[in-house]
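If you want the building blocks of each chain, they are given just below.
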Amino acid sequence: MATAAELAPRLSDASIRKSWDVYSAFDWPESLDPAAHWYMSPELISIHGTSVWDDLDETARKRLSFYEIVNFFSFVLYGERPLVSGLMNRMYRKNTLGPVTDYLHHFVDEENKHMIMFGMFCNRYAGRVYPEKKIVLPREYARGEEDIAFYCKVLIVEELGDYYNLKMMSDKTIHPLVARINKIHHVDEARHLGFGREYLRELVAEYRPAWNDEELASFRKWLVEYLVSSWGDFYNPAVYKDAGLADGYGIRKLGLQDATCRSFRTAASEKLVGYFQEIGLMTEPPVL
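As a starting point, this report considers the structure included with it. What you see is a predicted model; the values in this text were computed from it and never measured.

Let's shift gears to the environment of Phe264. Along the chain, Phe264 falls in helix 10 (residues 259-278). Sequence separation between Phe264 and Gly49 is 215 residues; the distance between their C-alpha atoms is 9.9 Å. The contact partners of Phe264, leaving out residues within four places of it in the chain, are Glu43, Leu44, Tyr163, Tyr164 and Trp231.

Oppositely charged side chains can pair when the atoms bearing their charge come close. A complete count under the given rule lists ten salt bridges for this structure. Here Lys62 makes a salt bridge to Glu58, at a shortest N to O gap of 3.2 Å. Of this pair, Lys62 and Glu58 both sit in helix 3 (residues 58-90), four residues apart, roughly one helical turn. Take Lys62: its relative accessible area is 16%, and that puts it in the buried class. Each of the salt bridges in this network shares a partner with another, and the network as a whole consists of Glu110, Asp188 and Arg191.

Right, let's get into unusual backbone geometry. Trans peptide bonds make up most of the peptide bonds, and negative phi angles are found at most residues other than glycine. Notably, Asp247 is not glycine yet its phi reads approximately 60°, a positive angle. One can find Asp247 in the loop between helix 8 (237-242) and helix 9 (248-257).

Attention now moves to the environment of Ala246. For Ala246, the position within the fold is in the loop between helix 8 and helix 9. In sequence terms Ala246 and Trp20 are 226 residues apart; their C-alpha atoms lie 42 Å from each other.

Taken N-terminus to C-terminus, the directions of helix 5 (residues 145-168) and helix 10 make an angle of 135°; their axes are 10 Å apart at the nearest point. Considering their axes alone, helix 5 and helix 10 lie oblique with respect to each other. The handedness of the crossing between helix 5 and helix 10 comes out as right-handed. Across the interface between the two elements, Cys152, Leu155, Ile156, Glu159, Leu160, Tyr163 and Tyr164 of helix 5 pack against Phe264, Ala267, Ala268, Ser269, Lys271, Leu272, Tyr275 and Phe276 of helix 10. Its residues assigned to classes, the contact of helix 5 with helix 10 shows twelve nonpolar, one polar and two charged.

Let us look at the packing of helix 9 against helix 10. Where helix 9 meets helix 10, the closest approach of the two axes is 5 Å, and the angle between their N-to-C directions is 60°. Classed by the angle they form, the pair helix 9 and helix 10 counts as oblique. On helix 10, the residues touching Gly255, Leu256 and Gln257 of helix 9 are Ala259, Cys261, Arg262 and Arg265.

When we look at a pair of aromatic rings, we describe it by the centre distance and by the angle of the planes. Evaluation of the coordinates by the stated rule reveals 30 aromatic pairs. Summarising the aromatic geometry, the rings of Trp28 and Tyr125 are spaced 6.3 Å apart at their centres and angled 40° between planes, so their arrangement reads as tilted. With Trp28 in the loop between helix 1 (4-17) and helix 2 (51-54) and Tyr125 in helix 4 (residues 98-125), this pair connects stretches of sequence that are 97 residues apart. Across the pair, Tyr125 and Trp28 agree in class, each one buried. Each ring, one from Trp211 and one from Phe219, has its centre 5.4 Å from the other, and the planes form 50°; the classification is tilted. By relative accessible area, which is 8% here, Trp211 ends up buried. On the basis of relative accessibility, which here comes to 0%, the residue Phe219 falls in the buried class.

Here helix 4 is 28 residues long and its end C-alpha atoms lie 41 Å apart, about the 40 Å a rise of 1.5 Å per residue gives. Positive backbone phi, approximately 75°, marks Gly127, located one or two places after helix 4.

Cut-offs and rules
- Residues numbered from 1 in each chain as written.
- Predicted model: local features only at pLDDT ≥ 70, side-chain atom pairs only at ≥ 80, totals over all residues.
- Heavy atoms only, no water.
- Helix = DSSP H or I, 4+ residues; strand = E, 2+ residues; numbered from the N terminus.
- Contact = heavy atoms within 4.5 Å.
- Salt bridge = Lys/Arg side-chain N within 4 Å of Asp/Glu carboxyl O.
- Buried < 20%, exposed > 50% of the residue type's maximum accessible area, 1.4 Å probe, protein only.
- Axes fitted to C-alpha atoms, helices over the stretch in contact; angles between N-to-C directions.
- Parallel < 35°, antiparallel > 145°, perpendicular 65-115°, else oblique.
- Left-handed = near helix turned anticlockwise from the far one by under 90°.
- Nonpolar A, V, L, I, M, F, W, Y, C, P; charged D, E, K, R; others polar.
- Phe/Tyr/Trp six-rings, centres within 6.5 Å; stacked < 30°, edge-to-face > 60°.
- Expected span 1.5 Å × (residues − 1).

In C-alpha cells form, the structure reads like this:
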C-alpha cells in the first residue's frame, strides 16, 4: 500500500489534469421552481419511508427534495470551511513532507471551489445557506490527538457527502444541474478521500499506541458522538418548515427515531465505520 507521501505526487498530477473553473463549469438557470423537479434522489431524503413521507403527494415531495438538497449542500459547505483552514495550518510543518504540502495546495484549492459552488447554488435559488448547528468546545488533547480528530472530521464530512454524490451524480430523474454538481464534487473528493484515509492511518499508527486506556476510550466516545451529531444535521427543522410541513422539530425527532431512517444511516456509514474499526478508532458499529 502506498504511503501518503507516495500518493501525493500522483494526486497532484491528477488535480492538475482535471482542474476546472468554478465560474464557467455550470450553466446557472435564472431561477428554479422547488416543486417542478426532483432535486435529491427520493431515497436519500431524510424522512423517506416514514409516515410523514407516505402522506405527502408528489408535488410536496419534490418541494421537500429542493430544500433537502440546499441543506445537504450547506452541510458539505460548512464541513469544508474548517477543513480549508485546518489544511492551511498544517502546510509547511517540519514533519509535513514536501510532496504532501504540494498536494495540500491542490486540496485547499478544490475545497475552496466546492464552497463557492455550493454557496452559489444555495444563495441563488434558496436565498440562504442553512446555518451550522455544531458548537466546538475547548478540550485537552493527547499527543497527536488534535490532528487525528481533524482528519476524522474531514473523513466524516467527505465520506457521507460522497455517498450522496455517488447516488445523485448518475440519477437521471433529478435536475441536471444538481447531478452535475454532485459529479464534479465526487471526482475531486475521490482524490481527497484516498489521501485522507492513508494519512489518517499513518497518524493513528504513529500516535495511538502511546495513548493510555482513558485517552483512547475518550477519543472513541468523542468520535461516535461526532458521527451521530453529523447525521443529526441531515434532519433540519428549518428544511421541513421551508418545504411547508408543520411541526419541523417533531418531524426531526421522527426521522432520528424511525427504524427505516436508522437503517439508511447505518448502511450509508458502513464503509466509514468499517475504516474506523480497521484502524482502531472504533470497536463496534455505533447506533446511528
